[in-house]
Amino acid sequence: MTTARTAFPPPHSLVVRARRLAHEVLAPRAEEVDQEGIPASSIEAVKRSGLLGVSAPVEYGGSAAPAAVARETAEILAGACCSTWFVQTQHHTPVATLATCELPVQERLLGPLARGELLSGVAYAQLRAYPRRPVRVTREGDGWRFDGTVPWYTGWGLNDVMLLAGVTDADEVLLAFTEAREQPGLRPSPPMRLAALTAARTVSLELDGLWLSDDSVALRAPYSVWAAGDRPKSTNASPAVFGVAAAALDLLDGDPDSEEAARALRARLDEVRRQAYALADHPVPSERIAERLACRTRAYDVMRAATTAAVVAGGGRSMDLGSRAQRLSREGMFLLVQGQTAEVRAAHLRSLSR
């Protein structure tokens, strides 16, 4: 008697490439990268992988892959080396912005970014401080003047270009591209030393009269319009949370003392991942915000339990800076605050008080 087997579709080619990149390049170097920084060779490998164009239009050299593929590749990269994932994940916001802008800058940059010829960073988290304006933009001639401070910019010395954001006196958001280098009106701080992801080369940027021409502008819109589109992004759980949690649980494999904990945590992880992605795929991003926030905090809880289990299973070895369990635990701590808004922070603190 022949038993019928369920046929599963083969993985998307980008998922295959992500697994190969993770297995051959990122994971073997992750502890070294954590302590010494991301080498140029890792960035070149990311550029060659095709993953920088995962969601970019096909006509510009991208793959226009489904959201599920983009999430899975993000999980794989984050679980292998969260620092490298964090640098490359900045790139996808500039690509998405260019894909819809229909301005001269699109023809100049979208192709090179989609094909991985250039790597972009993004300096726009300061927009979420509104009505404060950490970066002010004023009209000057046939261009725009930027003044103020970007508190966080990731990938300095690794990125080729950056998407820079500010707010005008008319309460408009303005996003424009410039080269990711020191230049008149733009000065970086030394790279920050952080508890996690120091390797991602995060700096602050001082802007004192940086001038960018009209043809560098990718978006100009009322702040209320920009904020309405931005809000749902921060309420969804990041795929990186699931990638780091899964990597931590993989460390428990083969340890008889950890089998029960690993089994229970994998079940919880699978369930919250399924719920999170169902919400992310909801056709109206601005709906079910309370559910999204609750699911995001549950994802944090599972990730924290998984990384804690890896540290406990490792015992005293987990205190060594070369410990993979410790690195994943610190990366998990970083993800607790990455992309955090006042709304996300309040929801997370409420969940911790129960």
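Note that the structure is predicted; figures quoted are calculated from it, not measured. (Residues numbered from 1 in each chain as written. Predicted model: local features only at pLDDT ≥ 70, side-chain atom pairs only at ≥ 80, totals over all residues. Heavy atoms only, no water.)

**Student:** An account of helix α3 (residues 67-80) is requested, with residue identities and associated values reported.
**Tutor:** Because each turn of an α-helix spans 3.6 residues, side chains separated by three or four positions in sequence point in the same direction. Helix length check: α3, at 14 residues, gives a terminal C-alpha distance of 20 Å against a target of 20 Å (1.5 Å per residue), a fit within 8%. Of all 14 residues that make up α3, 11 are buried, and the element is covered over most of its length. Among the residues making up α3, those that are buried are Val69, Ala70, Arg71, Thr73, Ala74, Glu75, Ile76, Leu77, Ala78, Gly79 and Ala80. Where α3 is buried, its residues contact α1 (13-36), α4 (82-89), α8 (239-250), α9 (259-280) and α11 (324-337). (Helix = DSSP H or I, 4+ residues; strand = E, 2+ residues; numbered from the N terminus. Expected span 1.5 Å × (residues − 1). Buried < 20%, exposed > 50% of the residue type's maximum accessible area, 1.4 Å probe, protein only. Contact = heavy atoms within 4.5 Å.)

**Student:** Which residues make up the packing of aromatic side chains, and what values do they have?
**Tutor:** Taken as a whole and judged by the stated rule, the model has seven aromatic pairs. Members of the aromatic cluster, joined through ring pairs, are Tyr124, Tyr130, Tyr223 and Trp226. A cation over a ring is seen here: Arg71 above Tyr277, with NZ or CZ 4.4 Å from the ring centre. (Phe/Tyr/Trp six-rings, centres within 6.5 Å; stacked < 30°, edge-to-face > 60°. Lys NZ or Arg CZ within 6 Å of the ring centre and 35° of its normal.)

**Student:** Give me the lowdown on the pattern of salt bridges, citing residues and values where you can.
**Tutor:** Counted according to the given criterion, the structure contains 24 salt bridges. The salt bridge partner of Asp34 is Arg330, with a shortest N-O separation of 2.6 Å. Residue Asp34 is found in helix α1, and its partner Arg330 is found in helix α11; the two are separated by 296 residues along the sequence. Relative accessible area serves as the criterion here: at 17%, Arg330 is assigned to the buried category. A salt bridge links Asp208 to Arg145; the nearest nitrogen and oxygen atoms lie 3.9 Å apart. One end of the pair, Asp208, is in strand β7 (residues 202-213); the other, Arg145, is in strand β3 (residues 143-154), and 63 residues separate them in sequence. (Salt bridge = Lys/Arg side-chain N within 4 Å of Asp/Glu carboxyl O.)

**Student:** Provide a residue-level description of the side chain of Ser83, including the pertinent values.
**Tutor:** For Ser83, the location among the structural elements is in helix α4. For Ser83, a relative accessible area of 1% translates into the label buried. Leaving out residues up to four positions away in the same chain, Ser83 has contacts with Val33, Ile38, Leu197, Ala199, Ala200 and Glu331.

**Student:** Pulling in residues and values, what's your account of the state of the cysteines?
**Tutor:** What the rule picks out here adds up to zero disulfides. Left unpaired, Cys81 is separated from the closest cysteine sulfur, that of Cys82, by 7.7 Å. Take Cys81: its relative accessible area is 2%, and that puts it in the buried class. (Disulfide = S-S within 2.5 Å.)

**Student:** Tell me about α9, residues and numbers included.
**Tutor:** Over its 22 residues, α9 runs 31 Å from end to end, which matches the ideal 32 Å to within 8%, given 1.5 Å per residue. If you check which residues of α9 are buried, you get Ala262, Leu265, Leu269, Val272, Ala276, Tyr277 and Leu279. Taken end-on, α9 shows its buried residues confined to a sector of 140°, consistent with a single buried face. For α9, exposure combined with an orientation more than 90 degrees from the buried face picks out Glu260, Arg263 and Asp270. For α9, the secondary structure elements touched by its buried residues are α3, α8 and α10 (289-314). (Arc of directions from axis to C-beta.)

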